[in-house]
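One letter stands for each residue in the lines below.
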Amino acid sequence: MLDSSGIRKVFDLAATMTDPISLAIGQPDFDVPQQAKDRAIEAIRLGRNKYTQTQGNADLLAEVADRCREEFNWEDDRGYLIASGVSGALVLAMLTLIDPGDEVVFTDPYFVMYSHLTRLAGGTPVPVDTYPSFRPDAGRIADAITDKTRLLLINSPCNPTGAVYTSEELADIAAIAAKRDLLVISDEIYDHFCYDGPFNSIANIYDNTIVMRGFSKSYAMTGWRVAWCAGPKPIIEKMTMLQQYSFVCAPSIAQDAALTALGLDMSAQQSAYKKKRDMVFDSLSGPFGLVKPEGAFYAFVPAPGGDAESFVAKAIASNVLVIPGEVFSRSNTHFRLSYATSDEKLAKGLEILTSLA
Ligand code: PLP
């Protein structure tokens, strides 16, 4: 059974509010860069409106493969696929890899889709508690792995906690996976949003990894539905076969624009988001005891008294929209705040939240 009650309750309430301050949105507030827009418009005018090959536009695939060879030192035993968003890539991976009864291990709190998609594929989600620091504890992850584990799913920078895994943490995770030659999916959709150091991928140290990166967050192309994934060739080939019988291909014009986007400098947008992260941490660390989020554009904030349900209700009554932790977790002690909004709205929202602490 798919259950979206937590998030639906919030958005039902939001519909009754006039001009709420929404700190609930999971997409950038900046727009798609002009060059990417121009490329898409040009692609339409040039008649590039037909299906692409199932695995994706050849030029985009070649660029992605070049980048992966350079970044991960990969050989030619890797497969590449352009998908309809990281969501599309996750759907393909889960349906390809999971048999009924298989277990999928991921850290809790987690991106909502992980547990739903695992169940949709007939598998069993195995969330591993990371409270209160949100660090991926190697011992706890190792304890969660059983004979039935099919996949280890990691997400750094993390939605909803903003945790960015260090290279030591990734090495520990890789060592655990290596013991069983366990396949790792690394959801790297927030790779552009790392504020306190460079981004690290587990693909640099562990070969049995499928990397997924998107254009939704890095280039604000959420509605364009395009992402890439890459990993062991036999698996990517199976996912491609499933794409042929499901999504068919990612949107053709979005793929053209994605190729342009890959060459763009987004450092101004990244710096603006670092400033927003700092605003959030400066306001909420004292009153709420917030752990510093190092990446993505979310903070996962302890609710006063560990009661997210009543705090979120209070916040909404004060016109600020945040999401209760239970949407992302088995616990409901925190709330998720997205700072992907204007500095003015964010400042106002933080002032109100602080007054409720
Ligand atoms: N993975 C994570 C961790 C996300 O937060 C999101 C979107 O919120 C996605 C994947 C899906 O992104 P896409 O728009 O590429 O499907």
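Here the structure is a predicted model, which means the values were calculated and not measured.

Conventions we followed
Residues numbered from 1 in each chain as written. Predicted model: local features only at pLDDT ≥ 70, side-chain atom pairs only at ≥ 80, totals over all residues. Heavy atoms only, no water. Near = heavy atom within 4 Å. Polar contact = N/O pair within 3.5 Å; in protein donor to acceptor, adjacent residues only side chain to side chain. Areas by Shrake-Rupley, 256 points an atom, 1.4 Å probe, with all protein chains shown as cover. Helix = DSSP H or I, 4+ residues; strand = E, 2+ residues; numbered from the N terminus. Nonpolar A, V, L, I, M, F, W, Y, C, P; charged D, E, K, R; others polar. Salt bridge = Lys/Arg side-chain N within 4 Å of Asp/Glu carboxyl O. Buried < 20%, exposed > 50% of the residue type's maximum accessible area, 1.4 Å probe, protein only. Core = buried A, V, L, I, M, F, W, Y, C linked by side-chain atoms within 4.5 Å. Domains from an automatic or database assignment. Contact = heavy atoms within 4.5 Å. Phe/Tyr/Trp six-rings, centres within 6.5 Å; stacked < 30°, edge-to-face > 60°. Lys NZ or Arg CZ within 6 Å of the ring centre and 35° of its normal. Axes fitted to C-alpha atoms, helices over the stretch in contact; angles between N-to-C directions. Left-handed = near helix turned anticlockwise from the far one by under 90°. Buried area = accessible area lost by both parts, 1.4 Å probe. Parallel < 35°, antiparallel > 145°, perpendicular 65-115°, else oblique.

Draft legend 1. View of the site of the ligand. As a structural note, the neighbourhood of the ligand is formed by 13 residues, with S87, D187, S216, K217 and R225 the closest of them. The contact in question runs from an oxygen atom of the ligand to an N or O atom on the backbone of V86, over 2.7 Å. Take D187: an N or O atom from its side chain is 2.6 Å from a nitrogen atom of the ligand. With the chains in place, 92% of the 400 Å² that the ligand exposes on its own is no longer accessible. Of all the elements, helix α4 (residues 85-97) adds the most residues to the shell around the ligand, at three residues. Split by residue class, the shell around the ligand holds five nonpolar, five polar and three charged.

Draft legend 2. Layout of the pattern of salt bridges. Applying the stated criterion across every chain yields a total of 19 salt bridges. Linking R213 and E71 is a salt bridge whose minimum nitrogen-to-oxygen distance equals 2.8 Å. Highlighted residues: R213 in strand β7 (residues 209-214) and E71 in helix α3 (residues 58-72), separated in sequence by 142 residues. The partly exposed category is assigned to E71, whose relative accessible area is 34%. Several salt bridges share partner residues, and in doing so they unite E71, E188, D191 and R213 into one network.

Draft legend 3. Geometry of the nonpolar core. Judged by nonpolar contacts, the single largest core of 123 residues is most densely connected at I210, F335 and L337. Top contributing element to this core by residue count: α4, with seven residues. Counting residues domain by domain, this core receives three or more from each of domain 1 (6-32 + 266-356) and domain 2 (35-261). Setting aside anything within four residues of it in sequence, one finds L337 in contact with L23, V280, L284, F297, Y298, A299, V301, V322, L350 and L353.

Draft legend 4. Layout of the packing of aromatic side chains. Applying the stated criterion across every chain, the model contains 20 aromatic pairs. For the ring pair F72 and W74, a centre distance of 4.7 Å and an interplane angle of 45 degrees mean the geometry is tilted. In this structure W74 comes out as buried when scored by relative accessible area, which is 5%. Centre to centre, the rings of Y190 and Y298 are 5.6 Å apart; their planes meet at 85 degrees, and the pair counts as edge-to-face. Within this pair, whereas Y190 is found in the loop between β6 (183-187) and β7, its partner Y298 is found in strand β9 (residues 298-302), the two being separated by 108 residues in sequence. Classification of Y298 as buried rests on a relative accessible area of 0%. Three or more aromatic residues joined by ring pairs make a cluster, and in this case those are F30, Y190, F193, Y273, F297 and Y298. In this structure, R78 packs its charged tip against the face of W74, placed 5.1 Å from the ring centre.

Draft legend 5. The packing of α4 against helix α5 (residues 113-120), seen in detail. Between α4 and α5, the least distance of the axes is 9 Å, while the angle of their chain directions is 35 degrees. Along this stretch, α4 crosses α5, giving a crossing that reads as right-handed. From α4, S87, L90, V91 and M94 reach across to α5, where they touch M113, Y114, L117 and T118. When grouped by side-chain class, the residues that make up the contact of α4 with α5 number six nonpolar, two polar and no charged.

Draft legend 6. Region of the structure containing the domain arrangement of the chain. Split by domain assignment, the chain resolves into domain 1 (6-32 + 266-356) and domain 2 (35-261). Once you take the C-alpha centre of each, domain 1 and domain 2 turn out to be 25 Å apart. With 30 residues of domain 1 in contact, the opposing surface of domain 2 contributes 34 residues. For the pairing of domain 1 and domain 2, the buried interface totals around 2700 Å² over both sides, and the portion due to carbon and sulfur atoms is 58%. Together, V32, E294 and F328 form the three largest contributors to the area buried by domain 1 at its contact with domain 2, with a combined 25%. Here E294 ties to R135 by a salt bridge, and the two come within 3.1 Å at their closest N and O atoms.

Draft legend 7. Inspection of the packing of helix α10 (residues 267-288) against helix α12 (residues 343-356) at higher detail. Orientation of α10 relative to α12, taken along the N-to-C sense of each, is 5 degrees, at an axis distance of 10 Å. Classified by the angle between their axes, α10 and α12 sit roughly parallel to one another. Along its contact with α10, which presents K275, K276, M279, V280, S283, L284, P287 and F288, the element α12 presents D343, L346, A347, L350, L353 and T354. Here the contact of α10 with α12 is built from residues that sort into nine nonpolar, two polar and three charged.

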